[in-house]
Amino acid sequence: MGRMSISLSSSQHIVLLLSMIIVVGFAEDRAIYLVLMEGDPVAFHGGGSMPFEEGKRLDPNSKASKTHAKNLVNSHDQLLQSTLKLGSYNKIYSFKHIVNGFAVHTTPSQAKVLESAPGVKLVEKDRGAKLMTTYSPQYLGLPTGVWSQEGGDRNAGEGIVIGVIDTGIDPMHPSFAYDPTNPFLSNLSRFSGGCETGPRFPMSSCNGKIVSARYFSAGAQAIATLNASMDFLSPFDAVGHGSHVASTAAGNSGVPVIMNGFFYGFASGMAPRARIAVYKAIFPSVGTVADVVSAIDQAIIDGVDILTLSVGPDAPPEDTITLFNVFDIFMLFARRAGVYVVQAVGNQGPDPSTVVSFSPWAVGVAACSTDRSFPGTLVLGDGRRISGVGLSGPTLGNGLLQYKLVLAKDAVKANGTFPRTPQYVEECQYPMALDPTVVQGSIVICTFSAGFYNGTSTVTAIIDTARVLGFTGFTLVANPAYGDFIAEPIPFSVPGIMIPKLADAKILSDYYEQQIYRDPSGLVRRYSGRAAIGDGRLASFQGKAPTVSRFSSRGPDIIDNSRNLVDVLKPDILAPGHLVWAAWSPMSIFDPILMGYNFALLSGTSMATPHVSGIAALIKQFNPSWTPSMIASAISTTASKYDNSGEPIMAEGVEIASLYPSTPFDIGAGLINPTHALDPGLVFSSGFEDYISFLCSLPNIDPPTVKAMTGRSCNNSLPYPTDLNLPSITISALNGSRLVKRSIKNVASKPETYLCSVLQPRGLTVKLSPSWFSIAPQGTQDLFIQLNATETLDSFSFGEIVLTGSLDHIVRIPLSILPVAVS
């Protein structure tokens, strides 16, 4: 009996164990889901039948606002409790200020249940969020242009608050210091931020220049174990990216840039007197859309004027149209609240349709170079000079003294106990691989090979090897097996130079081989080659500029993951984003080579974006009544398509060093011109209801979807999406002919007469009506554009409408048309 009992118990145990294995085998991984709900958020809750006044600021601290916010949070909790299984979810955020919704950490099956719950408009999986100057103010003409009109750099941006959603800020940086000798004069009573403290961020960090600082970590904490040594739960920036962006937009003027004891000039933001509101939403370990949109929700209700987004999803949504993804919906309602929203278009160029700025209500910024470069030089023993890149000081003697040249391959220890991989043998990554007696005091030639190609090798490791073994200097040269490589000037704490072109690397290789003696086994017995490294820290200002940066994402704009096109021009505008000096966090978690530095010279559309937000702040200061669309129009219609030599702006292509004439899908309207944008003459204005009409006109989008996503009915659909009153015209499939309408407002102080002309796109005829018009101050004028296809094309054709005013205003409207059938 006892044995039978034991046998049954064992069987039961086995069955139980198997059932547990089955349950575990089918366990679902949790993820963050973003949920949008029906019902008005706090900012747009009228409390009755009164229509919302666009751009009107509501008091978030009023009794009515607080009551409505509490009710929204309660409704989110009740929905989750009544819909999902107990213990299957964790609510991360309630969105209540500009969007009604929440973020929840749960399983895919539970998220599926939420989709059919009452009041739910959208459930979207969080795709994660990623990160996307001393000279650019001068390059853009600010000191003698806009700044001079607004009282100089001591007043430029006064009274404007720029919200920066990024990796935080280093409050100790001089770019964000408060100057008691130059106190702020403006009253920010309309702004109601807060100062959240924590590690490395005491209350004194909010000093008047930094007027608000918050951090958003619930999303990050839900999906990752944060590292307390770098993922600080405070607004402090351990990365450097957020500080770089904030200082480019609104950093103090006249801040000296000193690295490795060398003075590079003075740094300044575009709007140096603007105030900064910090919203940390990206952490070193992870970034989530949930944290970013929660930051947007808070920034708008705080009362920022400009919102800077150099972060966000870096790919289109998988299961919804681009314009209806949660990130873009938040930006739509930020725009409805009267905030100018500017975002990076992404760094996935130069391939077409790689932009991640999709919607017409956010300004997408592309990146370009300026005419500043930091050329380096390697001087050979025979007097020849090889150009290269390297932000380092010269070898001792400033090029006059020369040192032994040693190829790393020739200095590898014969009997070393290390793998004979490129990282050890030729890339100078490991000091134990090289013979100290050979390389000490020499300039060592390291070769770009497999490790650099796959991203596992770094210049930082070369510098460490150089320090350990006592190199006089180093050079990293191109390898015939991998071709030319892209080299950006980064600070080297030892003399160094990168030679990224094969043709130049061959000159060095040939010279080296001619100057050495090898024995029959191939070992070098005598090194006779000599070289010196010149100073690579001196800026050069020459050459054609701007040029669209290779990495800058390109249009045309897409509406879904299948890359179907939408009739919106992206990018919107071009701004400096290549080799931008700006503030940096000395912790520099992601970039060891910049550790300990207060400044960094970086490239990316992340760097271009704050240029535009800072300039928008200057325009808002000068024209305080202008809406976001008026600011966007002014920036667009006054931009330039031409470089400093008067030729069309060129764009970098797929092949390294290749160039092609840019199109609006590379540059948008062109290079931003702050001085002209301050006084554009005419503007194209559009508001929230216009964007709803635009959405309602999109093909294959039904009115119930628009109603569900925006809360607005399709009562006034446009004939075509092209009729949205943008300062550009884009048609991705012109079937014969189309009549397009634009409405223009005169924002100048005097009446003006405009002559209308067209730079005709290939394959079309474009006729304007009227051909000229006179317009009074604050007057409006309708412009009708008749487009007729004369031939079908397999690629877009580009042109331009130019309105030339009698008082010297010039208004440009880019045309991007793909004719698919003849009229």
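Rules and cut-offs
Here, residues in each chain are numbered from 1, in the same order as that chain's written sequence. Where totals are concerned, whole chains, interfaces and linings use all residues; where local detail is concerned, this predicted model gives features only for residues with pLDDT of at least 70, and gives and counts side-chain atom pairs only at 80 or more. Only heavy atoms go into the side-chain values, all of them from the structure, while hydrogens and water stay out. Under the scheme used here, helices are H or I runs from DSSP no shorter than 4 residues and strands are E runs no shorter than 2 residues, and both carry numbers assigned from the N terminus. Values of the radius of gyration come from C-alpha atoms, whereas the globule rule sets the reference at 2.2 Å times the count of residues to the power 0.38. Type-normalised accessible area, obtained with a 1.4 Å probe on protein chains alone, sets the label of each residue: buried when under 20%, exposed when over 50%, and partly exposed for intermediate values. Note on areas: Shrake-Rupley with a 1.4 Å probe; residue coverage comes only from the protein chains shown. UniProt positions are given in the numbering used here, feature names are shortened, and annotations may be inferred rather than shown by experiment. A contact between two residues is defined here by any heavy atoms of the two lying within 4.5 Å. Segmentation into domains, and thus their bounds, comes from an automatic or database assignment. Accessible surface is computed with a 1.4 Å probe, and the buried area is the amount of it that two parts give up when combined, taken over both parts together. Think of a salt bridge as a Lys or Arg side-chain nitrogen and an Asp or Glu carboxyl oxygen that are within 4 Å of each other. Definition of a polar contact: a pair of N or O atoms within 3.5 Å, with one able to donate and the other able to accept a hydrogen when the atoms are protein atoms, and with sequence-neighbouring residues admitted only if both atoms are side-chain atoms. Ten residues, namely Ala, Val, Leu, Ile, Met, Phe, Trp, Tyr, Cys and Pro, are considered nonpolar, four, namely Asp, Glu, Lys and Arg, are considered charged, and the remaining ones, Gly among them, are considered polar. Stacked, tilted and edge-to-face are the three classes assigned to paired rings of Phe, Tyr and Trp, where Trp is represented by its six-membered ring and a pair needs centres within 6.5 Å; plane angles under 30 degrees give stacked, over 60 edge-to-face, the rest tilted. Only when the NZ atom of a Lys or the CZ atom of an Arg is both within 6 Å of the ring centre and within 35 degrees of the ring normal do we say a charge sits over the ring. Two strands pair under a simple rule: DSSP has to find at least two bridges between them. Orientation is described by lines fitted to C-alpha atoms, with helices fitted over the stretch in contact, and by angles between N-to-C directions that extend from 0 to 180 degrees. We call a set of buried residues a nonpolar core when its members are Ala, Val, Leu, Ile, Met, Phe, Trp, Tyr or Cys and they connect through side-chain atoms within 4.5 Å of each other. When two cysteine sulfur atoms are found within 2.5 Å, that pair is recorded as a disulfide.

Considering the overall build of the chain
Helices and strands together make up the secondary structure of the chain, namely 20 helices and 39 strands. Computed over C-alpha atoms, the radius of gyration of the chain comes to 29 Å, within 12% of the 28 Å expected from 2.2 N^0.38 for 823 residues, which places it in the range of a compact globule. Taken over the C-alpha atoms alone, the chain extends approximately 110 × 90 × 65 Å along its principal axes. Relative to its full complement of 823 residues, the chain shows a buried share of 58%. Total accessible area on the chain stands at roughly 32,200 Å², and carbon and sulfur atoms take up 54% of it.

With respect to unusual backbone geometry
Only a minority of non-glycine residues have a phi that is not negative, and only a minority of peptide bonds are not trans. Residue Ala545 is joined to Pro546 through a cis peptide bond whose omega torsion reads 0 degrees. Mapped onto the secondary structure, Pro546 falls in the loop between β25 (540-541) and β26 (547-548). With omega at 5 degrees, the peptide bond leading from Gly555 into Pro556 counts as cis. Among the structural elements, Pro556 can be located in the loop between β26 and β27 (573-576). One non-glycine residue with positive phi stands out, namely Leu579, at about 60 degrees. Among the structural elements, Leu579 can be located in the loop between β27 and β28 (580-583). For Asp808, which is not a glycine, the phi torsion comes out positive at approximately 80 degrees. Looking at the element boundaries, Asp808 is found in the loop between β38 (797-805) and β39 (810-822). Classification of Asp808 by relative accessible area gives exposed; the value is 70%.

Details of the UniProt feature "active site" (unreviewed entry) in the chain
Per the UniProt record, "active site" (unreviewed entry) is found at Asp166, His241 and Ser606. Spanning 441 residues, the named residues nonetheless gather at one spot, since no C-alpha pair among them exceeds 10.0 Å. What Asp166 contacts, discounting residues up to four positions off in sequence, is Leu131, His241, Gly242, Val245, Tyr279, Lys280, Ala281, Ile282, Ser310 and Val311. When you line up the elements, His241 lands in helix α7 (residues 241-250). When neighbours within four sequence positions are excluded, His241 is seen to be in contact with Leu131, Met132, Asp166, Thr167, Ser310, Trp584, Ser606 and Met607.

Examining the domain arrangement of the chain
Taken domain by domain, the chain consists of domain 1 (31-47 + 60-125), domain 2 (141-371 + 545-678), domain 3 (375-534) and domain 4 (725-819). Distance between the C-alpha centres of domain 2 and domain 3: 37 Å. Counting each side, the surface lost to burial between domain 2 and domain 3 is near 1,000 Å², with a carbon and sulfur contribution of 70%. The largest contributions to the domain 2 side of the interface with domain 3 come from Ile593, Leu601 and Ile656, which together make up 47% of the buried area. Summed over the shared surface of domain 2 and domain 3, the number is 0 salt bridges. The interface formed by domain 2 and domain 3 contains 1 residue pair in polar contact (both at pLDDT 80 or more). The residue makeup of the side of domain 2 that touches domain 3, split by class, is 10 nonpolar, 3 polar and 1 charged.

Details of the packing of aromatic side chains
This structure, assessed with the given rule, holds 24 aromatic pairs. Here the aromatic rings of Trp361 and Tyr691 are separated by 5.7 Å at their centres, their planes lie at 65 degrees, and the arrangement is edge-to-face. Of this pair, Trp361 sits in the loop between β13 (340-344) and β14 (363-368) while Tyr691 sits in helix α19 (residues 688-697), and the two are 330 residues apart along the sequence. Here Trp361 matches Tyr691 in class, with each residue buried. Among the aromatic side chains, those forming a connected cluster through ring pairs are Phe448, Phe452, Tyr453, Tyr482 and Phe485. The aromatic ring of Phe184 is capped on one face by Arg275, whose charged end is 4.0 Å from the ring centroid. Over the aromatic face of Phe44 sits the side chain of Arg336, whose NZ or CZ is 4.1 Å from the ring centroid.

A few points about the sheet that holds strand β3 (residues 101-106)
Within the open sheet, the 4 strands sit side by side as β2-β3-β1-β4. Their pairing is antiparallel. What marks the edges here is a single partner per strand, and that holds for β2 (89-95) and β4 (120-125). Each strand of the sheet is rotated relative to its neighbour by a mean of 20 degrees, with strand direction disregarded. Here strand β1 (residues 31-37) pairs with β4 via 5 bridges, running antiparallel. Note that in β4 the partner of Leu36 across the bridge is Leu122. Packing of helix α8 (residues 289-302) onto the sheet brings it into contact with β1, β2 and β3, and relative to β2 it is tilted by some 30 degrees.

Structural notes on the nonpolar core
Counting residues in each nonpolar core, the largest one holds 73 residues, and the members touching the most others are Ile98, Ile165, Val292, Ile296, Val304 and Leu307. When residues in this core are grouped by element, the largest group, 9 residues, is from α8. Two domains each donate at least three residues to this core, and these are domain 1 (31-47 + 60-125) and domain 2 (141-371 + 545-678). Listed in part, the 71 residues of the second largest apolar core include Phe474, Ala531, Trp581 and Met607.

Some thoughts on the state of the cysteines
For the structure shown, the criterion picks out 3 disulfides. Here Cys195 connects covalently by a disulfide to Cys206, the sulfurs 2.1 Å from one another. For the disulfide bridge between Cys195 and Cys206, the dihedral angle about the S-S bond is near 90 degrees, and by the sign convention the bridge is right-handed. With Cys195 in the loop between β6 (161-166) and β7 (210-215) and Cys206 in the loop between β6 and β7, this residue pair connects regions lying 11 residues apart in the sequence. Residue Cys428 pairs covalently with Cys446 via a disulfide, S to S 2.1 Å. Its torsion about the S-S bond being -100 degrees, the disulfide of Cys428 and Cys446 is classed as left-handed. You can see Cys428 sitting in the loop between α10 (422-425) and α11 (436-439) and its partner Cys446 sitting in strand β19 (residues 443-447), a full 18 residues away along the chain. Both residues of the pair, Cys428 and Cys446, belong to the buried class.

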